[in-house]
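Summary of the model geometry
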Amino acid sequence: MPKRQRHQLLAQHIEDNPFMTDRELTRLLKVSIQTIRLDRMELGIPELRERLKLMAERSYDSVRSLPLHEVIGDIVDLELDKSGISIFEIREEHVFSRTSIARGHHVFAQANSLAVAVIDDAIALTVTADIRFIRPVRLGEKCIAKAYVRSISGERSKSKVELFTYVGDEMVFQGNFVIFRSAGDRDNRGGEQHADRH
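Here the structure is a predicted model, which is why all the values come from computation and not from measurement. (Residues numbered from 1 in each chain as written. Predicted model: local features only at pLDDT ≥ 70, side-chain atom pairs only at ≥ 80, totals over all residues. Heavy atoms only, no water.)

Some details on the packing of helix 1 (residues 3-16) against helix 2 (residues 22-29)
Remark: helix 1 packs on helix 2, axes separated minimally by 11 Å, with the N-to-C direction vectors making an angle of 135 degrees. Here helix 2 runs oblique to helix 1, going by the angle between their axes. Seen along the crossing, helix 1 lies across helix 2 with a hand that is right-handed. Contact with helix 1, carried on its side by Arg 6, Leu 9, Leu 10, His 13 and Ile 14, involves Leu 25, Leu 28 and Leu 29 of helix 2 and no other residues of that element. Per-class residue counts for the contact of helix 1 with helix 2 are six nonpolar, one polar and one charged. (Axes fitted to C-alpha atoms, helices over the stretch in contact; angles between N-to-C directions. Helix = DSSP H or I, 4+ residues; strand = E, 2+ residues; numbered from the N terminus. Parallel < 35°, antiparallel > 145°, perpendicular 65-115°, else oblique. Left-handed = near helix turned anticlockwise from the far one by under 90°. Contact = heavy atoms within 4.5 Å. Nonpolar A, V, L, I, M, F, W, Y, C, P; charged D, E, K, R; others polar.)

Put into structure tokens, the structure is as follows:
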């Protein structure tokens, strides 16, 4: 493949999915990891960690319900009381040594902390969580969690958060969280309802 065409494809893949790793790009473009790194440098595209940092700085509200360092994973998009996205890479310390499969509590922790972080309140606590692990997550995989705030009619002190975690395009975890919020007298309708009012 000519270099120019490869550059176009690489830029397009990263634009379509900013969470794409160099390793995933090597498989798609069938070139070495060194070639991918050189191509990125020539195109002025930063590595994944830098791209995530830039996205985080540009595109989200401030988390109110807990300190940012207590969120498991990196929040890359956040609209309080509406939706949020975080990314969490599974490393050696997150897996069982014999199988290289992630311990479930790490996958849950990413989901639970995002479900709390997306709530626009100084105090937000998980009341219940109905969760489902769909497939094991392995060492080196990146979990992309997406949270959506939904209201619970008649209960202003609680919000329902639907959460889906993906590795690539494959869903690996699903959860429905009920989150207590201290500002019970506020209108906490989320997601679709907000969109309908504007």
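Focus: the confidence of the model for the protein
Taken over all residues, the pLDDT of the protein has a mean of 85, while the share at 70 or more is 86%. Here helix 6 (residues 191-197) is the element of the protein with the lowest mean pLDDT, 39, and helix 5 (residues 104-117) is the one with the highest, 96. Contacts for the low-pLDDT stretch residues 185-198, under 50 throughout, to residues beyond four places or in other chains number 28 contacts. (pLDDT = per-residue confidence, 0-100.)

Details of helix 5
Look at helix 5: 20 Å from first C-alpha to last across 14 residues, which is about the 20 Å you get at 1.5 Å a residue. Across the 14 residues that make up helix 5, a large majority, ten, are buried. Taken together, the buried positions of helix 5 are occupied by His 106, Val 107, Gln 110, Ala 111, Asn 112, Ser 113, Leu 114, Ala 115, Val 116 and Ala 117. (Expected span 1.5 Å × (residues − 1). Buried < 20%, exposed > 50% of the residue type's maximum accessible area, 1.4 Å probe, protein only.)

Observations regarding the sheet that holds strand 4 (residues 142-151)
Each strand in a sheet pairs with its neighbour through backbone hydrogen bonds, running either in the same direction (parallel) or in the opposite one (antiparallel). The six strands lie next to each other as 1-2-4-5-6-3, forming an open sheet whose pairing is antiparallel. Edge strands, defined here as strands with exactly one partner in the open sheet, are strand 1 (74-79) and strand 3 (124-133). Going across the sheet, the axis of each strand differs from the next one's by a mean of 20 degrees, ignoring polarity. Pairing of strand 4 with strand 5 (residues 158-167) involves eight bridges; the strand directions are antiparallel. When the bridges of strand 5 are listed, Lys 146 appears paired with Phe 164. In the packing of helix 5 onto the sheet, contacts are made with strand 1, strand 2 (83-89), strand 3, strand 4, strand 5 and strand 6 (170-181), and the angle to strand 6 comes to roughly 45 degrees. (Pairing = 2+ DSSP bridges.)

Here we look at the pattern of salt bridges
Considering all chains together, one arrives at twelve salt bridges under this definition. Close ionic contact of Glu 89 with Arg 91 constitutes a salt bridge, the shortest N to O distance being 3.8 Å. The partly exposed category is assigned to Arg 91, whose relative accessible area is 33%. For the salt bridge of Lys 142 with Glu 89, the shortest nitrogen-to-oxygen distance reads 3.3 Å. Of this pair, Lys 142 sits in strand 4 while Glu 89 sits in strand 2, and the two are 53 residues apart along the sequence. Each of Asp 22, Arg 37 and Arg 40 takes part in one network of salt bridges that share partners. (Salt bridge = Lys/Arg side-chain N within 4 Å of Asp/Glu carboxyl O.)

What about the nonpolar core?
Within the largest apolar cluster, 31 residues are counted, with the highest numbers of intra-cluster contacts made by Val 137, Val 161, Leu 163 and Ile 179. When residues of this core are traced back to their parent elements, those giving at least two are strand 1, helix 5, strand 4, strand 5 and strand 6. The dominant element in this core, judged by the number of residues it contributes, is helix 5, at six residues. When sequence neighbours within four positions are dropped, the list of residues in contact with Val 161 reads Ala 115, Val 118, Ile 119, Ala 147, Tyr 148, Val 149, Gly 175, Asn 176, Phe 177 and Ile 179. (Core = buried A, V, L, I, M, F, W, Y, C linked by side-chain atoms within 4.5 Å.)

Remarks on the packing of aromatic side chains
The geometry of an aromatic ring pair is captured by two quantities: the separation of the ring centres and the angle between the planes. All chains considered together, the criterion is met by three aromatic pairs. Geometrically, the ring pair formed by Tyr 148 and Phe 164 is tilted, given 6.3 Å between the ring centres and 55 degrees between the ring planes. You can see Tyr 148 sitting in strand 4 and its partner Phe 164 sitting in strand 5, a full 16 residues away along the chain. The class of Tyr 148 is partly exposed, set by a relative accessible area of 31%. Stacked on the ring of Phe 96, the Lys or Arg Arg 103 has its end atom at 5.1 Å from the ring centre. Taking the ring centre of Tyr 166 as reference, the NZ or CZ of Lys 146 above it sits at 5.5 Å. (Phe/Tyr/Trp six-rings, centres within 6.5 Å; stacked < 30°, edge-to-face > 60°. Lys NZ or Arg CZ within 6 Å of the ring centre and 35° of its normal.)

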